[in-house]
Amino acid sequence: MKKLLFVLVSLFTMSTMYSQNCGVPESSLQEMQDLYSTMANLRKGNFRENISNQTSLKFKVRFLVVRKDDGSWDSDLTLPTINNSLIGNMITQANQAFQNANIEFESCGVDYINNSNLTSASTNSLNRNYKYLRLTKYYPDAINVHIVSNLDPGIDGFAFKQTNPEKNNIVILDMGAFEIPRFNNDYQVFIHELGHFFGLGHTYEPAGELVTRVGGNCATAGDGFCDTPADDNGSINSNCLYLGTSTDLNGDQYMPDVTNFMSNYFPCTNNFSSEQIMYMNTIASTHPNRINLLNSPCVPQEATIGDRVEFEDTSDSIAASLRSPYFLRSLGSTPIIGPRKHVFASSGTGNFEYTDDPDFVGLITTGAVSRYDGDWNDGLSVFDLLLINKHILNIEPFTSGYQIVASDANGDGRVSSFDLVQLQQLNL
């Protein structure tokens, strides 16, 4: 009998699955107050009548797949091939999930970067690889979906909500979101992150929502939706049965909906609630950071000579770059070079290539980037020296921060006769 009991307990333990994690942080107090207020107004109206008269909200999606140098994944998971066929299936499933919200997606293709140095990314916006991906092959009028081999440990996906002040049309998926034994070509994590993209939080955040809906606080606590049961983010078994036993402040046991897309009960999720659908439609059709993507072309942003340069040890501006030890050359039509031996395309579109400088981030838009191993004086001419001299004498001051950075040979943040002397010595 004891042996049988041990076997039963073992089988139960083996069948237990723990919810996966999403990298989207808990909503701020202001975000939740805005959501509670918006939902209070939506509950007073006739959403179904209003949406029936609404034109379909169409969003373009551009995919960027990051793999190792040889084109393979930096992972030992059983993974599918990421190609246009799979992307098409992802879009189809997303359209089915968002149909009632009147939101429609269209793929505008997939790009590939085969570079072993970039297969890891992070939800931390200061992470070098994440920043690099954010700036690479960027499509300003589309939802940019980056697929990487290694996101933060235990994280399957991440998305910027509409309130994020950074470039906020970014979704990042870890390859774990495509693992065949776990998901079997069911793209729940992708749909989950798109839910965040259109303003939804997790069903279990913030804490404090009561289980009861009679005299409860569902409209002013938790995720703000009264048709999503209170959730403690517990565990489930392989049959998608909730295993938790915890209770709320009233002593009522949690019984979450493990099938809701915005829970973390993967791979059991398959629906949005009616109130979640109302809210996503409202964000997609009214929020400035989402309506600017509606019905847009799918065109990569072009790099120009005036675009910003970012360094991890400074803020995002040319002025900050002047205080850093990194300088670029962009005088006249010469190549942009510098002590870190990088060369950039001054205009046009192209693909970034990885550089081995750990502090380098790159242009904020697309452009060709490669390692530069030539002589320091490559591209430096007497004409450049003349331009610098005119700037110092205030005869013809520089009009671009790049010119100042390029001319600051000693890195002291200004252009003076000391810089001119050093550059003259290079030109001899």
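The structure presented is a predicted model; accordingly, all values stated were derived computationally and were not measured.

### What to know about the packing of aromatic side chains
If you walk through the whole model with that rule in mind, you get 13 aromatic pairs. When the ring of Phe178 is compared with that of Tyr187, the centres are 6.0 Å apart and the planes differ by 50°; the resulting orientation is tilted. A residue is classified by how much of its surface remains accessible, and Tyr187, at 4% relative accessible area, is buried.

### Looking at the state of the cysteines
Per the stated rule, a full pass over the model turns up 3 disulfides. Here Cys218 engages in a disulfide with Cys226; their sulfurs sit 2.0 Å apart. Sign of the S-S torsion, about 90° for the bond between Cys218 and Cys226, identifies this disulfide as right-handed. With relative accessibility at 8%, the residue Cys218 sits in the buried group. Among the residues examined, Cys226 registers a relative accessible area of 23% and is labelled partly exposed. Disulfide pairing is shown between Cys240 and Cys268; the S-S distance is 2.0 Å. In this structure, the disulfide formed by Cys240 and Cys268 twists by about -85° around the S-S bond and is classed as left-handed. Of this pair, Cys240 sits in the loop between β7 (235-237) and α8 (274-286) while Cys268 sits in the loop between β7 and α8, placing them 28 residues apart in sequence. Note on Cys240: relative accessible area 27%, which makes it partly exposed.

### Here we look at helix α7 (residues 188-197)
Most of α7 is tucked away: 10 of the 10 residues are buried. Every buried residue of α7 is accounted for by Gln188, Val189, Phe190, Ile191, His192, Glu193, Leu194, Gly195, His196 and Phe197. Backbone geometry just downstream of α7 places Gly199 in the positive-phi region, at approximately 100°.

### What to know about unusual backbone geometry
A cis amide bond links Glu205 to the next residue, Pro206, at an omega of -15°. A cis amide bond links Phe266 to the next residue, Pro267, at an omega of 5°. Along the polypeptide, Pro267 turns up in the loop between β7 and α8. Even without a glycine there, the phi angle at Cys240 is positive, about 65°. Phi is positive for Asn394, which is not a glycine, with a value near 60°.

### Some details on the packing of helix α2 (residues 29-44) against α8
Packing of α2 against α8 brings their axes to within 10 Å, and their N-to-C directions diverge by 105°. Between α2 and α8, the crossing angle belongs to the class labelled roughly perpendicular. In this structure, α2 uses Leu35, Thr38, Met39, Leu42 and Arg43 to contact α8, whose residues at the interface are Glu275, Met278, Tyr279 and Thr282. Residues of the contact of α2 with α8, tallied by class, amount to 5 nonpolar, 2 polar and 2 charged.

### Here's the deal with the confidence of the model for the protein
Across the protein, pLDDT averages 75, with 69% of residues at or above 70. Scored below 50 in pLDDT, residues 1-19 makes 19 contacts in the model with residues more than four places away or belonging to other chains.

### Description of α2
Helix length check: α2, at 16 residues, gives a terminal C-alpha distance of 23 Å against a target of 22 Å (1.5 Å per residue), a fit within 8%. Every buried residue belonging to α2 is among Met32, Leu35, Tyr36, Met39 and Leu42, and all of these are buried. With its buried residues spanning 130° around the axis, α2 presents them on a single face. Lining the buried residues of α2 we find α8.

Rules used throughout
- Residues numbered from 1 in each chain as written.
- Predicted model: local features only at pLDDT ≥ 70, side-chain atom pairs only at ≥ 80, totals over all residues.
- Heavy atoms only, no water.
- Phe/Tyr/Trp six-rings, centres within 6.5 Å; stacked < 30°, edge-to-face > 60°.
- Buried < 20%, exposed > 50% of the residue type's maximum accessible area, 1.4 Å probe, protein only.
- Disulfide = S-S within 2.5 Å.
- Helix = DSSP H or I, 4+ residues; strand = E, 2+ residues; numbered from the N terminus.
- Axes fitted to C-alpha atoms, helices over the stretch in contact; angles between N-to-C directions.
- Parallel < 35°, antiparallel > 145°, perpendicular 65-115°, else oblique.
- Contact = heavy atoms within 4.5 Å.
- Nonpolar A, V, L, I, M, F, W, Y, C, P; charged D, E, K, R; others polar.
- pLDDT = per-residue confidence, 0-100.
- Expected span 1.5 Å × (residues − 1).
- Arc of directions from axis to C-beta.

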